[in-house]
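One letter stands for each residue in the lines below.
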Amino acid sequence: MRKRRLCGGALAAEPRIVIAGAGAIGCFVGGLLAAGGRRVTLLVRPRVAQEIRSHGLTLTDFGGMAVQIGTDRLALSEDPACLARADVVLVTVKSGDTATIAELIDQHAPIKAPVISLQNGLRNGALLQEALPGHDVRGGMVPFNVVPMGQGCYHRATSGDVVIAGGAGDLEGLLSVPHLCTTSSRDIEAVQWGKFLINLNNALNALSGLPLAEQLRDRSWRRLMADQWREALGVLRGAGIRPVSMTPVSVGLIPFILRLPTPLFSRIAASMLTIDAQARTSMALDLMAGRPTEIDSLQGAVIAMAKAQGRAAPICTMVAEVIRTAELAEEGLPDLSAAALRREIRQGTS
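Every value quoted in this text rests on a predicted model; they were computed, and no experiment measured them.

Calculation notes
- Residues numbered from 1 in each chain as written.
- Predicted model: local features only at pLDDT ≥ 70, side-chain atom pairs only at ≥ 80, totals over all residues.
- Heavy atoms only, no water.
- Helix = DSSP H or I, 4+ residues; strand = E, 2+ residues; numbered from the N terminus.
- Buried < 20%, exposed > 50% of the residue type's maximum accessible area, 1.4 Å probe, protein only.
- Lys, Arg positive; Asp, Glu negative; His and termini not counted.
- Salt bridge = Lys/Arg side-chain N within 4 Å of Asp/Glu carboxyl O.
- Polar contact = N/O pair within 3.5 Å; in protein donor to acceptor, adjacent residues only side chain to side chain.
- Contact = heavy atoms within 4.5 Å.
- Pairing = 2+ DSSP bridges.
- Axes fitted to C-alpha atoms, helices over the stretch in contact; angles between N-to-C directions.

Asker: Explain the side chain of Glu231 here, please?
Answerer: By the secondary structure assignment, Glu231 is in helix α9 (residues 219–238). Despite its burial, Glu231 pairs with no opposite charge, the nearest such side chain being Arg311 at 8.4 Å. A polar contact of 3.0 Å, which involves the side chain of Glu231, links it to the backbone nitrogen of Ile315. Each residue touching Glu231, except ones within four places of it in the same chain, is listed here: Ala313, Pro314, Ile315 and Cys316.

Put into structure tokens, the structure is as follows:
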């Protein structure tokens, strides 16, 4: 299904890449592209621009990578008019900002500039396509987790390669540089649905208050993850969706692996994914910062599909309710136990 290519291949001409809404993922991807010699502009909020102007952009990862990019190697802009110079646009905003960034792209970006969504959630690509008729709009999938460390430093805490929809031009080559591999897929939606299932743990990780690696070492949390996965997979299949696994293990076997005793699970998981001690999910970071989460695009999507099928999704429903309560409380991470959350789920179905 996927076509792999050698990372870091040079191109004869260097198009201008604009990262539209550069937060943690956008700064990390854009920074590596700039370090690899690509012409990059980060369209950023003033706070992020000030950090990078003051400290430069520092990128690290679980494998010991450390790359520093000075402001002389990439452009920073707080003005969406910078999109007028784009040859390629990478969209990295949160789901709730997709409509706004689509309007800005429509106003400023050339019609010939391909637009690639590197966002969580399945609806974002469709929203961009609806808002940008005539543009080459493609879905994409970023498998890794990026933690903002402050002072312009962003740390990649998990492994994986970027995947984008196949199409005209060598965009996967343009977006492949040292430390960043990009592949293409003829069925990007199936790949995105596979990532979607994994992203359902974003909420559980946020509710646990634990770093991701510590959460995964806790069998009680893994069992809850497995039950949520089975619930969501049943809903997806009921809607005719067949997700593609991001690992060598099929989506149907993941719950079985999650339920294994911790020593055996850890051995198998180590061959599938690298996670370092600093990894937390994006939803955990959002709650810590008092920002709105993407719960409506994740558990909310499962709930809506289940309702359309006339079936229940009790785990996703309760998880979404607890996350929304945590958002309103604005007290950071709830630090719940898996047992406490299970009690909430049981009470909700009784």
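Structure's up, so let's keep going.
Asker: Teacher, can you tell me more about unusual backbone geometry here?
Answerer: Apart from glycine, the bulk of residues carry a negative phi angle, and the bulk of peptide bonds sit in the trans form. Positive phi, normally seen in glycine, also occurs at Gln151, with a value near 55 degrees. Position of Gln151 among the secondary structure elements: in the loop between β10 (146–150) and β11 (153–156). Exposure remark for Gln151: the relative accessible area of 55% places this residue in the exposed category. At His179, a position not held by glycine, the phi torsion is positive, near 75 degrees. The residue His179 is located in the loop between α5 (171–174) and β13 (182–185) in this model. Classification of His179 as partly exposed rests on a relative accessible area of 45%.

Asker: Looking at this model, I keep getting lost on the sheet that holds strand β5 (residues 66–69). Mind explaining?
Answerer: Sheet strands line up and pair through hydrogen bonds in the backbone, either parallel or antiparallel. Taken together, four strands build an open sheet; the order of strands is β5-β4-β11-β10 and the sheet is mixed. The sheet terminates laterally at β5 and β10, the two strands that pair on one side only. When strand polarity is set aside, the average angle formed by the axes of neighbouring strands in this sheet is 20 degrees. Against the sheet, helix α1 (residues 24–35) touches β4 (57–61), β5, β10 and β11, its axis set at about 100 degrees to β4.

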